[in-house]
Amino acid sequence: MRVVVTGATGNIGTSVVRALGDDPAVESIVGLARRRPRWSHPKLTMEQIDLGTLGDGIGDADALDSLVADADVVIHLAWLFQPTRDPATTWRANVLGSLRVFDAVARCAVPALVHASSVGAYSPGPKDHAVTEDWPTHGWPGAAYTREKAYLERVLDAFEAEHATRVVRLRPGFVFRRETASQQRRLFLGPFVPTSVVRPGLIPVVPHARSLRMQVVHSADVGEAFRLAATRDVRGAFNIAADEPVDGALLARLLEARTVPVPARLLRTAVATAWTLRLVPASPHLFDAVVRLPLMDTGRARTELGWQPRHTAAEAVTEFLTGLRERAGEQTPPLASTTRGGRLGELATGVGKRP
């Protein structure tokens with residue numbers, strides 16, 4: 001098999017490449033990314049392309065077609081989380097960039113397309129029981145991330161109706177592993193978080209809001225899910241998450257702290273204040289989405305995809321917390337432990353104003 005992976009240097013992308021690389025059925029992997037990494041893999045060939053700035057001219061279409069032509073599967077992961085303060089930029093990269101990939105898949109008659117959707121595509125849902133893949137996917141309209149993920153679900157509905165390509169949509173929860181901690185700190189927590197104190201025994205209390213309950217999954221487990229979706233004759237959507245939901249009680253247990261009940265609206269006010277003061281890059285609108293996300297039932301992934309998580313939610317979160325303390329990273333531009341200028345360089349981007 002020849003597999004093309006967009007966004008091959010990110011959190012999920014590096015795990016997908018590793019999972020595919022361990023599969024003897026996969027002969028070659030073509031990774032697409034905005035910036036070339038120092039990291040590689042024996043089966044991987046990297047190609048530099050920016051899907052967000054790629055024009056719609058004939059030459060641009062030819063450039064993308066040349067990369068996906070003769071592929072057995074295209075796995076589309078490329079996504080720009082920042083700048084949250086400039087949603088037009090993320091729309092161009094995420095929505096228009098995805099449309100260009102889907103169009104190239106259609107033009108080149110690629111047999112299969114595996115798309116990275118998200119729990120964020122789901123409409124608001126319950127926190128006391130899990131929903132299956134037929135739950136509505138209209139997202140939360142207030143946050144750019146959830147709007148974009150939901151929009152692409154509608155695009156794929158039309159794509160499936162028009163083309164014979166086998167389409168798979170994986171909807172993972174929040175994805176963690178140790179080596180992605182520095183990137184996720186930059187994307188969501190910002191330059192002012194003192195990561196060295198995020199260790200058991202040093203944080204006395206953890207706020208606990210009943211509606212702030214979500215699912216996570218280890219990046220390696222997500223990589224395996226994409227490998228299975230690429231190599232098996234399956235179609236449709238699959239929820240991907242570890243079994244135990246994460247809430248304030250679980251975080252308190254990992255940090256050897258105690259919980260303090262706090263209304264979600266008070267936490268939202270704190271996030272909004274930090275956002276307004278440009279202390280954090282994650283917007284209060286994303287917080288609004290998180291408190292409304294449903295819990296997902298992963299039964300279909302287990303029975304039809306043959307997938308099950310090898311890491312618990314607590315293990316995934318523990319790796320992330322360890323990575324924060326150790327300033328862990330990997331040798332790709334998105335996952336680098338430090339960026340140009342360090343935390344002062346992050347401040348220069350406007351903390352969510354520029355990528």
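Everything here concerns the structure above.
Residues numbered from 1 in each chain as written. Predicted model: local features only at pLDDT ≥ 70, side-chain atom pairs only at ≥ 80, totals over all residues. Heavy atoms only, no water.

Enquirer: In this structure, what is going on with the nonpolar core? I would like to understand it.
Expert: Grouped burial of nonpolar side chains is what soluble globular proteins tend to show. Formed by 35 residues in total, the largest nonpolar core has its most connected members in Val5, Ile75, Leu170, Phe226, Ile240 and Leu305. In terms of residue count, the dominant contributor to this core is helix H6 (residues 219–231) (six residues). By size, the runner-up hydrophobic cluster in this structure holds 25 residues, among which are Leu32, Leu51, Val101 and Ala104. (Core = buried A, V, L, I, M, F, W, Y, C linked by side-chain atoms within 4.5 Å. Buried < 20%, exposed > 50% of the residue type's maximum accessible area, 1.4 Å probe, protein only. Helix = DSSP H or I, 4+ residues; strand = E, 2+ residues; numbered from the N terminus.)

Enquirer: What exactly am I supposed to notice about the packing of helix H7 (residues 248–255) against helix H11 (residues 313–326) here?
Expert: Each packed pair of helices is defined by two parameters, the angle between the axes and the distance between the axes. Across the interface, H7 lies against H11 with an axial gap of 11 Å and an inter-helix angle of 60°. With respect to H11, the axis of H7 lies oblique. As H7 runs across H11, the sense of the crossing is right-handed. Here Leu250, Leu251, Arg253, Leu254 and Leu255 of H7 lie close against H11, whose contacting residues are Ala314, Val317, Thr318 and Leu321. Taken together, the residues of the contact of H7 with H11 sort by class into seven nonpolar, one polar and one charged. (Axes fitted to C-alpha atoms, helices over the stretch in contact; angles between N-to-C directions. Parallel < 35°, antiparallel > 145°, perpendicular 65-115°, else oblique. Left-handed = near helix turned anticlockwise from the far one by under 90°. Contact = heavy atoms within 4.5 Å. Nonpolar A, V, L, I, M, F, W, Y, C, P; charged D, E, K, R; others polar.)

Enquirer: It is not clear to me how the environment of Val216 should be interpreted in this structure. Could you clarify?
Expert: With respect to the helices and strands, the residue Val216 is situated in strand E10 (residues 216–218). For the pair formed by Val216 and Lys127, sequence separation is 89 residues and the distance between their alpha carbons is 14 Å. Residue contacts for Val216: discarding those within four places in its chain leaves Phe174, Phe176, Ala241, Ala242, Val246, Ala313, Ala316 and Val317.

Enquirer: Sorry if this is basic, but what is going on with the sheet that holds strand E4 (residues 73–76) here?
Expert: Paired through backbone hydrogen bonds, the strands of a sheet run either parallel or antiparallel to each other. Strand order across the open sheet formed by seven strands is E3-E2-E1-E4-E5-E7-E11, with parallel pairing between neighbours. Two strands close off the open sheet at either side, each with one partner strand: strand E3 (44–48) and strand E11 (236–240). Each strand axis lies, on average, 20° off the axis of its neighbour in the sheet, ignoring direction. With five bridges connecting them, strand E1 (residues 2–6) and strand E2 (residues 28–33) associate as parallel partners. From the neighbouring strand, Arg2 faces E2, where its bridge partner is Ser28. Together, E1, E4 and strand E5 (112–116) form the strand contacts of helix H3 (residues 87–107), whose direction differs from that of E4 by roughly 175°. (Pairing = 2+ DSSP bridges.)

Enquirer: Whenever I open this one, the packing of helix H1 (residues 11–21) against H6 confuses me. Can you help?
Expert: For the pair H1 and H6, interaxial distance at closest approach is 8 Å and the crossing angle is 55°. One finds that H1 runs oblique with respect to H6. Once H1 is placed against H6, the crossing between them reads as right-handed. Across the interface between the two elements, Asn11, Ile12, Ser15, Val16, Ala19 and Leu20 of H1 pack against Ser219, Ala220, Val222, Gly223, Glu224, Phe226 and Arg227 of H6. Residue classes in the contact of H1 with H6 are distributed as seven nonpolar, four polar and two charged.

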